[in-house]
Amino acid sequence: PGNNEQQFTVVVNTSQNRIPLRENFDNEFTDEWTTVNPEGGMNWQTTATNYNRSMYFNAHNNTVIGDEAWLVSPVLDFSRTTNASLVYDRSYRSRPDREENFKIYVSRDCGNTYDELSEPQLHFPEQVSAWAPNTEEHWEKNITINLSAYAGEDDVRVAFVVTNGNGNNLFLDNVEFFTTAFPDPIEI
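These remarks concern the structure in this document. These figures come from a predicted structure and were not determined experimentally. (Residues numbered from 1 in each chain as written. Predicted model: local features only at pLDDT ≥ 70, side-chain atom pairs only at ≥ 80, totals over all residues. Heavy atoms only, no water.)

1. Looking at the overall build of the protein
When helices and strands are tallied, the protein shows zero helices and 13 strands. Along its sequence from the N terminus, the protein presents helices and strands in the succession β-β-β-β-β-β-β-β-β-β-β-β-β. Burial status across the protein gives 47% buried among its 188 residues. Restricting to contacts in the protein with at least 6 residues of sequence separation, those with at least 24 account for 82%. Surface exposure of the protein reaches about 9900 Å², of which carbon and sulfur atoms provide 44%. (Helix = DSSP H or I, 4+ residues; strand = E, 2+ residues; numbered from the N terminus. Buried < 20%, exposed > 50% of the residue type's maximum accessible area, 1.4 Å probe, protein only. Contact = heavy atoms within 4.5 Å. Areas by Shrake-Rupley, 256 points an atom, 1.4 Å probe, with all protein chains shown as cover.)

Put into C-alpha cells, the structure is as follows:
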C-alpha cells in the first residue's frame, strides 16, 4: 500500500527496412536503430574503433550491476523470404570474476513482445583495464544466427541486450541480415 506507483518506458520507433540489410554504424547514428535502457542508466553508444565506428556498452565504468541496455533494429520485413539469418561481429574482454550477460531477442510484432533467441557466450580473455579493440584479431567475426523461424513475417525486430556485470566493454559492428539460412559474408 505504501508503494503504489510503477514507472515504465515506452519507445516508439516507426522505422522500417527490408532484408538483406547491412548496418556498420559508420554514419551518424540515426533513428532507424533504437537504443534504450529501461532504468535510464548507461546505454549503447557509438565510438571509434579499428572498424571506424562501432556500437559499444561501457560496462567497465558502469557500477550498476544488472543495468540493462537494448540495441534494437528497425522493423524488418522478412515476408519475401523462406530463410533468414543474422551475422555480426563482436569484441569483448571480461575482468576477473566480472562478466556481462549478452542476449539476442527477436520480435514478430514490431517489438511489442520478444522471444529470447540466443545467449551467445562471452568467453574472452580477461583484461583489467578498459577494453577497446584496435586490430582485426580483437574481433570475433561473422557470428551467425539462423532466423529462418521468422521468415515470412513482416514485422520483425532484433534486439541485442547486454546486462551489466561491471566487467568490461562490449562492442558490436557489421550487423547483417541475409535471405539465406547459411550466409557466406563477403569481406569489404
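Next comes the rest of the write-up.
2. Observations regarding the pattern of salt bridges
As a working rule, side chains carrying opposite charge can pair if their charged atoms are close by. Using the criterion set out here, one finds five salt bridges in the structure. With a shortest N-O distance of 2.7 Å, E140 and R90 are connected by a salt bridge. Here R90 lies in strand β8 (residues 85–92) and E140 lies in strand β11 (residues 140–146), a separation of 50 residues in the sequence. For R90, a relative accessible area of 2% puts it in the buried group. (Salt bridge = Lys/Arg side-chain N within 4 Å of Asp/Glu carboxyl O.)

3. Some words on the side chain of S94
Relative to the helices and strands, S94 is located in the loop between β8 and β9 (101–107). Excluding its chain neighbours within four sequence positions, the residues that come into contact with S94 are E99, F124, P125, E126, Q127 and N168.

4. A look at the packing of aromatic side chains
The full count for this structure, using the stated rule, is nine aromatic pairs. Relative to W139, the ring of Y51 has its centre 4.5 Å away and its plane inclined at 25 degrees; by these criteria the two rings are stacked. Of this pair, Y51 sits in the loop between β4 (45–49) and β5 (52–57) while W139 sits in the loop between β10 (115–118) and β11, and the two are 88 residues apart along the sequence. W139 carries the same exposure label as Y51, and that label is buried. Taking the centre distance of 6.3 Å and the plane angle of 55 degrees together, the rings of Y88 and F102 count as tilted. With a gap of 14 residues between them, Y88 in strand β8 and F102 in strand β9 connect regions that are remote in the sequence. Look at F102 and you get buried, because its relative accessible area is 1%. Ring pairs connect the aromatic residues W70, Y105 and Y114, which therefore count as one cluster. The positively charged end of R93 is found above the aromatic ring belonging to W131, 4.0 Å away from the centroid. (Phe/Tyr/Trp six-rings, centres within 6.5 Å; stacked < 30°, edge-to-face > 60°. Lys NZ or Arg CZ within 6 Å of the ring centre and 35° of its normal.)

5. Quick notes on the nonpolar core
As a rule of thumb, soluble globular proteins bury nonpolar side chains together. Counting 32 residues, the largest nonpolar core has W44, L86, Y88, L147, F160 and F177 as the members making the most contacts within it. Mapped by element, the contributors of at least two residues to this core are β5, β6 (68–72), β8, β9, β11, β12 (157–163) and β13 (170–178). The element contributing the most residues to this core is β13, with four residues. Leaving out residues up to four positions away in the same chain, L86 has contacts with I104, I143, T144, I145, L147, V158, F160, V175, E176 and F177. Counting residues in each nonpolar core, the second largest holds six residues, with V36, W70, Y105 and A159 among its members. (Core = buried A, V, L, I, M, F, W, Y, C linked by side-chain atoms within 4.5 Å.)

6. What to know about the pairing of β4
Pairing analysis gives five bridges linking β4 to β5, with the strands arranged antiparallel. By the bridge assignment, Q45 is partnered in β5 with Y56. What sits between the antiparallel neighbours β4 and β5 is a turn of two residues. (Pairing = 2+ DSSP bridges.)

7. Some details on the side chain of D67
By the element assignment, D67 lies in the loop between β5 and β6. No salt bridge is formed by the buried D67, whose closest oppositely charged neighbour, R95, lies at an N-O distance of 13 Å. Separated by 2.9 Å, the side chains of D67 and N62 make a polar contact. Contact partners of D67, with chain neighbours within four places excluded, come to N37, G41, M42, N62, V162, T163 and N164. (Lys, Arg positive; Asp, Glu negative; His and termini not counted. Polar contact = N/O pair within 3.5 Å; in protein donor to acceptor, adjacent residues only side chain to side chain.)

8. So, the pairing of β9
Here β9 lies mainly inside the structure; six of its seven residues are buried. In this structure, β9 lies alongside β12, joined through seven bridges in antiparallel fashion. Within the sheet, the bridge partner assigned to F102 lies in β12 and is V162.

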